Amino acid sequence: MPLPALTYRSITEAQMLPRLIRLGPNLYGAVFTLMKLVPAQYILRRALQRGELTEDTVIVETTSGTFGLSLAMQAALMERELILVSDPAIDDNLHRRLTDLGAKVEMCLEPAPVGGYQGARLTKLAEIRASLPSTFCPEQYNNPDNARSYHVVADQLVRTFGTVDCLVGTVGTAGSMCGTGGGLREYSSHTQIIGVDSHRSVLFGQPDGPRSLRGLGNSLWPANLDHTLFDEIHWCSAAEAYAQTRALHAESALFQGPTSGAAHLVAQWWAAKNPDGLCVVILPDEGYRYQATVYDDAWLAANGELLAERPTEPVTVASPAEAGDRWTRLVWGRRSYEEVPGVVPRVTHPLAERALS
């Protein structure tokens, strides 16, 4: 029977699309409760339609964050077994929530020589799949359905605003920015797309290294990343992202995670520099996981992440090789990776290159 008005079939359906909230004269936030529900639901539904996800199929994936939580929510509703491969970046509260939803979490405690913890997780994932008779892996890094799922967000933005002059968001698997940005470009080719990355992430030409700011950046190249979509790339530090996350809460009452803070830092700057342009910033998830860290001054101070003053503008550089440890901007200019000077040679993990059938 049809659903009554203002009701939903599930909690994941209710939290699917973002709320569009005005944050400034020409700046709007696409505010998600849990953004990764968009690809998790779409990918699993597509797998069901293709017959790849039977009642006996075990869902397996590598994740240390909110995509794992989104899969666990969907798997619980679908009554499917789920195994997640993670690493020490996963916090205790998230781990408890995953297991409470019925997921089994396999931990990789040491990084791989190539690809860091993500490389180690891919190796462990392959071992698990080889040991089971029937598995389905959403492969969020390489699955084109990840990016395709976000076209519904692009459609929402076009219906609401018409033309969006600039889209700002963080880049990790590249699904949200390439999917939403690609959808907006189909409507308006002039839309600027600005990606926000973390220092020591390989996505836009920096060498791999330790990163305390999680939820964006990568130690491996995801196949979903289309460099030619991006007009600008900004790198920011953990302390800058944390400070802006707190400012977003204090000034707009939006209680979001640090990826939202990193994206908002850049979007607020762009909107101020371009008062005649409409800017939308993607704010991926809520801040409850970070109450004991990002939202705790004592934790920030103890970890050297408490800023005395927030930055107001980035340092502009000509190549990734010139990027320091603070907020840095590079005009990418919709170029391919190889066309940008100063990028480090591409390093991949062989399991990350596996083509999807």
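That block above? That's the structure.
Residues numbered from 1 in each chain as written. Predicted model: local features only at pLDDT ≥ 70, side-chain atom pairs only at ≥ 80, totals over all residues. Heavy atoms only, no water.

With respect to the side chain of Ser237
Okay, so step 1: As for its position among the elements, Ser237 is in the loop between β9 (232–236) and α9 (238–252).
Okay, so step 2: For Ser237, a relative accessible area of 16% gives the class buried.
Okay, so step 3: Apart from residues lying up to four places away in sequence, Ser237 is in contact with His199, Leu213 and Asp325. (Helix = DSSP H or I, 4+ residues; strand = E, 2+ residues; numbered from the N terminus. Buried < 20%, exposed > 50% of the residue type's maximum accessible area, 1.4 Å probe, protein only. Contact = heavy atoms within 4.5 Å.)

Considerations on the sheet that holds strand β5 (residues 104–107)
Okay, so step 1: Pairing in this open sheet of four strands is parallel, and the strands run β5-β4-β3-β6 from one edge to the other. The strands lining the two open edges of the sheet, one partner per strand, are β5 and β6 (135–136).
Okay, so step 2: Pairing geometry for strand β4 (residues 82–86) and β5, over four bridges, is parallel. Its bridge partner being in β5, Ser86 is matched across the sheet by Met107.
Okay, so step 3: The sheet contacts of helix α5 (residues 116–131) involve β3 (58–62), β4, β5 and β6, and relative to β3 the element is tilted by about 165°. (Pairing = 2+ DSSP bridges. Axes fitted to C-alpha atoms, helices over the stretch in contact; angles between N-to-C directions.)

What about the nonpolar core?
Okay, so step 1: One finds Val171, Phe204, Leu225, Phe230, Val280 and Trp332 to be the most contacted residues of the largest nonpolar core, which totals 36 residues.
Okay, so step 2: Here the element with the most residues in this core is helix α7 (residues 151–161); it accounts for four residues.
Okay, so step 3: In contact with Phe204, other than residues within four places in its own chain, are Val171, Asp197, Leu225, His227, Phe230, Ile233, Trp235, Pro320, Trp332, Tyr337 and Val343. (Core = buried A, V, L, I, M, F, W, Y, C linked by side-chain atoms within 4.5 Å.)

Structural notes on the packing of helix α3 (residues 66–78) against helix α4 (residues 92–100)
Okay, so step 1: The interhelical angle for the contact between α3 and α4, taken along N-to-C directions, is 20°, at an axis separation of 9 Å. For the element pair α3 / α4, the angle class is roughly parallel. Considering only the axes of α3 and α4, their crossing is left-handed. Counted together, Gly68, Leu69, Ala72 and Met73 of α3 and Leu94, Arg97 and Leu98 of α4 form the full contact between these two elements.
Okay, so step 2: Of the residues contributing to the contact of α3 with α4, the split by class is five nonpolar, one polar and one charged. (Parallel < 35°, antiparallel > 145°, perpendicular 65-115°, else oblique. Left-handed = near helix turned anticlockwise from the far one by under 90°. Nonpolar A, V, L, I, M, F, W, Y, C, P; charged D, E, K, R; others polar.)

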